[in-house]
Amino acid sequence: MNRWIAFLGGETIPWLRIEDGVVSARGDDLLEADEPVIGVAPASGISYRNASFAELSPAQALAAAKIDAADVSLGMDRHVALAEARDHYVIAERGAMRGWLDQLALRGLTASAVIPAPSLLPIPETGFARAKFPEETVLRSAETGLVEDGAISSLVVGQAAVHTLGRDDLESAIVAASDAPPLDLLQGDFAVRPDWRTERGYWRRMAILAGVLAGLTLAIPVAHWARLSLSTAALDAESARIAASALEEAQASSDSVARLEQRLAAQRGAGAGFLATQAAVAS
């Protein structure tokens, strides 16, 4: 799937264009996009926490993550997002989340997913993976992910080995992670909602289809009535022709049948007629 990768949190929105599974273009500020946009949240705006919620359902695991986050973080205005594997979660400020999404909205863009920057890096077997992003340098280990700030990050890394990814390795990792995001921040109140708005011209097309359907529905009994009318007219014409032939008239007319019936009644005399007499005899 072709998509745009937008790095959020800075003055501009640096971007990568992924086409057919590879990075085909890159730029300094994303202003428009005609395909899905995946946002990348800066590592400086999130906190990683390990968890062991794999045996819980997704809803139960998220509830457990929120409870755990309340115990380890200050403030009430927090947003908690659970990893797909339910083995870790991320804490971000709601204000920061709104700011990242607004940064896209101001350009008329909407994110289909928002991935924390450390989640784009491959998890090293030992030590830390290190990568340079447009606005920051990010560290990732099997236990955590954080921004390299030269202070807290030094304490976290300690004497562990650090492997720095080159641009090609980083872009390959970004492609793989964006194919199947290990953690999407668009959860809970920030989850993508279905767009129930109809496209332009939808109701006009529905009205036309309804009119066609109503026309077809009415056409069936009208066609049936027309067929019966034609059949009745044909029978009447045939009856008039036979009556005219019995009356020895050269041309049938609309009253041929009536005049034949009058002649037959006159020939029966005062009797009730053949059919009535046959019924009486049978009784």
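Throughout, a residue's number is its position along its own chain's written sequence, starting from 1. Given that the model is predicted, a residue must reach a pLDDT of at least 70 before its local features are reported, and side-chain atom pairs must reach 80 or more before they are shown or counted; all residues, however, enter totals for whole chains, interfaces and linings. In computing side-chain values, all of the structure's heavy atoms are included and hydrogens and water are not.

Concerning the confidence of the model for the protein
Stated formally: One number per residue, pLDDT, summarises how confident the predictor is, and it ranges from 0 to 100. Secondary structure follows DSSP: runs of H or I at least 4 residues long count as helices, runs of E at least 2 residues long count as strands, and numbering of each begins at the N terminus.
Across the protein, the average pLDDT comes to 85, with 90% of residues at 70 or higher. The lowest-confidence element of the protein is helix α7 (residues 274-282), averaging 63 in pLDDT; the highest-confidence one is strand β4 (residues 37-41), averaging 95.

Overview of the sheet that holds strand β6 (residues 78-82)
Worth spelling out the cut-off: For two strands to be treated as a pair, DSSP must find no fewer than two bridges joining them. Interaxial angles span 0 to 180 degrees and are taken between N-to-C directions of axes, which are lines fitted to C-alpha atoms, for helices over the stretch in contact.
Read from one edge of the open sheet, 3 strands run β5-β7-β6, paired in antiparallel fashion. Both edges of this open sheet fall to β5 (46-50) and β6, since each of them pairs with a single strand only. If you compare each strand with its neighbour and ignore which way they point, the axes differ by 25° on average. Bridge analysis of β6 against strand β7 (residues 88-93) gives 5 bridges, and the strand direction is antiparallel. By the bridge assignment, Arg-78 is partnered in β7 with Glu-93.

With respect to the sheet that holds β4
Which entries qualify depends on this criterion: When checking whether two residues touch, look at their non-hydrogen atoms; a contact exists if any pair is within 4.5 Å.
Strand order across the open sheet formed by 5 strands is β3-β2-β1-β4-β8, with mixed pairing between neighbours. In this open sheet, the two strands that pair with only one neighbour each are β3 (22-27) and β8 (111-116). Direction aside, neighbouring strands of the sheet carry axes that sit 25° apart on average. As paired strands, β4 and β8 are joined by 5 bridges and run parallel to one another. If you follow Ile-38 over to β8, its bridge partner there is Ala-113. Together, β1 (3-7), β4 and β8 form the strand contacts of helix α2 (residues 94-105), whose direction differs from that of β8 by roughly 140°. Packed onto the sheet, helix α4 (residues 167-179) meets β1, β2 (15-19), β3, β4 and β8 and runs at close to 115° relative to β1.

With respect to the pattern of salt bridges
As a reminder of what qualifies: Whenever Lys or Arg places a side-chain nitrogen within 4 Å of a carboxyl oxygen from Asp or Glu, that contact is recorded as a salt bridge. For every residue, the accessible area obtained with a 1.4 Å probe (protein chains only) is divided by the maximum for its type, and the residue is called buried under 20%, exposed over 50%, and partly exposed between those limits.
All chains considered together, the criterion is met by 10 salt bridges. Between Asp-77 and Arg-98 there is a salt bridge; the shortest N-O distance is 3.8 Å. You can see Asp-77 sitting in the loop between α1 (58-72) and β6 and its partner Arg-98 sitting in helix α2, a full 21 residues away along the chain. With a relative accessible area of 35%, Asp-77 lands in the partly exposed category. Given the relative accessible area of 41%, Arg-98 is considered partly exposed. One network of salt bridges, with partners in common, ties together Asp-77, Arg-94, Arg-98 and Asp-189.

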